[in-house]
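If you want the building blocks of each chain, they are given just below.
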Amino acid sequence: MSLNFEFSEEQRMLEESVWRWASTWLEPQMEKLYEEDKMPPDFFKELGKLGVNGIAFEEEYGGAGLGYVETLLAYETIGRVSNALAMSAGASQTLCFDNFRRHATDDQKKEILPKACSGEYIGCLGITEPNAGSDAMSMSTRAVKKGNKYIVNGSKTFITNGPVADFMVFYAKTEPDKKARGMSAFFFFPKKTKGFSCEKIKKWGMRTSPTGLLTFEDMELPEENLIGGFNRGVGVLTGGLCTERITLSGCSLGSQRSCLELSIKYAKERVQFGRPIADFQMIQEKLANMYTGYISSKMMAYRAAAYCDSLKDKRGGKGTDLDRMAAASLLYCGETGTKIAADAIQIHGGYLDQKLWDIGAGTSEIRRMIIARELMRDDFQSGR
Ligand SMILES: Cc1cc2nc3c(=O)[nH]c(=O)nc-3n(C[C@H](O)[C@H](O)[C@H](O)COP(=O)(O)OP(=O)(O)OC[C@H]3O[C@@H](n4cnc5c(N)ncnc54)[C@H](O)[C@@H]3O)c2cc1C
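Quick notes on the rules
Residues numbered from 1 in each chain as written. Predicted model: local features only at pLDDT ≥ 70, side-chain atom pairs only at ≥ 80, totals over all residues. Heavy atoms only, no water. Phe/Tyr/Trp six-rings, centres within 6.5 Å; stacked < 30°, edge-to-face > 60°. Helix = DSSP H or I, 4+ residues; strand = E, 2+ residues; numbered from the N terminus. Buried < 20%, exposed > 50% of the residue type's maximum accessible area, 1.4 Å probe, protein only. Pairing = 2+ DSSP bridges. Salt bridge = Lys/Arg side-chain N within 4 Å of Asp/Glu carboxyl O. Domains from an automatic or database assignment. Contact = heavy atoms within 4.5 Å. Buried area = accessible area lost by both parts, 1.4 Å probe. Polar contact = N/O pair within 3.5 Å; in protein donor to acceptor, adjacent residues only side chain to side chain.

Visitor: Quick one: what's the story with the packing of aromatic side chains, residue by residue and with numbers?
Guide: Evaluated as defined, the whole model comprises 19 aromatic pairs. For the pair F7 and Y302, a centre-to-centre distance of 5.1 Å together with 70° between the ring planes defines the contact as edge-to-face. You can see F7 sitting in the segment before α1 (9–36) and its partner Y302 sitting in helix α7 (residues 281–310), a full 295 residues away along the chain. Relative accessible area serves as the criterion here: at 9%, Y302 is assigned to the buried category.

This is the structure:
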């Protein structure tokens, strides 16, 4: 029996088509867009044409019917050109629409998902609040039921795509006394809803990916906009975080790969002391470490994605092997990516954006806590 680490022919074709688009359509615009901190206006429509938006969604909703391995591969390939835009793609498709897809009714999915797949709708997900980051369950946004409506008050911060989003999934406390068990998930249309406002946050890195500080002031939502059930938000949130952590590992992989490729090229071209700097053993050591780090990150991430694809319900959350694997994937990719970026900077500068993957989707500390918790399970099998 052999253990196959190769991509299939179909996966290679996907990678090639996304790379052709990223290197010819996206890359030439990036310098100007980065300077202006602007997302390309047709970014999501272009992803729609490539079939990337609905890559893991069922064909009946306009998706490609593929899995999280392919999603990860697409984000890695976009991430080779822009870590920030790969994150925006993931925030819309995986964090927002994929989460919605798992919990919405069939009619809601038929109405929304084809527009997500075509790129007509851009999505965002709101968990983080100014006073609730790692401790997400301490959120204070409230949704109070009044007749057949919910009235929402509160705020969310650091929301990727917030300033451009057509559709949003977010969490609010519906019965605060019940703490984590008193939280629910909702969706709505930010551009069409009164009582909602968004301020764009200026960032040092991850430019071109718009980030928002959102405010809900007596925002009214019809009761049909509740997803996953009343007070069931914690299950929606934790179930979705695993696929988020796995697929967003691709953003880190893409920039790790770019760091490596650009560093090899520069080390061969840059001449000092009459020789290319690639001839010096200390530069060779960095390049060897960068390569090893990238390949090991890749193994961690694709293994977690393949494991997720092999599961019937593809759900993570407390008490699952997927929870540990997903946290380990982004922990390793994030921290290794930061080291690789530091080596690339040492060789020729750039790529500070990589640091985000030690922070977003649960910080490294939080991912370690999840891994340790799952290691303590009585049925833990060390080989998995
Ligand atoms: C560019 C960007 C995009 C983002 N996009 C989104 C988005 O689309 N949607 C969304 O909801 N959120 C988003 N986030 C928010 C992100 O998920 C949070 O930044 C992250 O969860 C950390 O929260 P915090 O920044 O409030 O840090 P804090 O939670 O305040 O943490 C500060 C420090 O304390 C440490 N710490 C906290 N608790 C513990 C503990 N128990 N043990 C040990 N150490 C601990 C942390 O690890 C960290 O080092 C985004 C963030 C950024 C920067």
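Visitor: Outline the pairing of strand β5 (residues 183–188), supporting the account with residue identities and numerical values.
Guide: Look at any regular strand and the pattern is simple: side chains alternate between the two faces of the sheet. Of all six residues making up β5, six are buried, and the element is well covered by its neighbours. A two-sided burial pattern is seen for β5, the buried positions comprising M183, A185 and F187 on one face and S184, F186 and F188 on the other. For strand β4 (residues 167–173) and β5, the ladder comprises six bridges, and the chain directions are antiparallel. Along β5, the bridge assignment pairs F170 with F186. Direction of pairing for β5 relative to strand β8 (residues 226–227): antiparallel, over a ladder of two bridges. Directly across from F186, in β8, lies its bridge partner L226.

Visitor: Give me the pattern of salt bridges: which residues, what numbers.
Guide: Scanning the model with the defined rule gives 28 salt bridges in all. Of the charged contacts, one joins D379 and R377 as a salt bridge, the two residues approaching to 2.9 Å between their closest N and O atoms. Note on D379: relative accessible area 47%, which makes it partly exposed. If you follow the salt bridges from partner to partner, you end up with D321, D323, R324, R373, E374, R377 and D379 in one network.

Visitor: Describe the domain arrangement of the protein, listing the residues and the values that go with them.
Guide: Under the domain assignment used here, the protein contains domain 1 (9–121), domain 2 (124–227) and domain 3 (234–375). Placing a centre on the C-alpha atoms of domain 2 and another on those of domain 3 gives a separation of 29 Å. On the domain 3 side, the residues contacting the 14 residues of domain 2 number 10 residues. Here domain 2 and domain 3 share an interface that buries about 930 Å² over both sides, 75% of which is from carbon and sulfur atoms. There are zero salt bridges connecting domain 2 and domain 3. Run the count over domain 2 and domain 3 and you get one residue pair in polar contact (both at pLDDT 80 or more).

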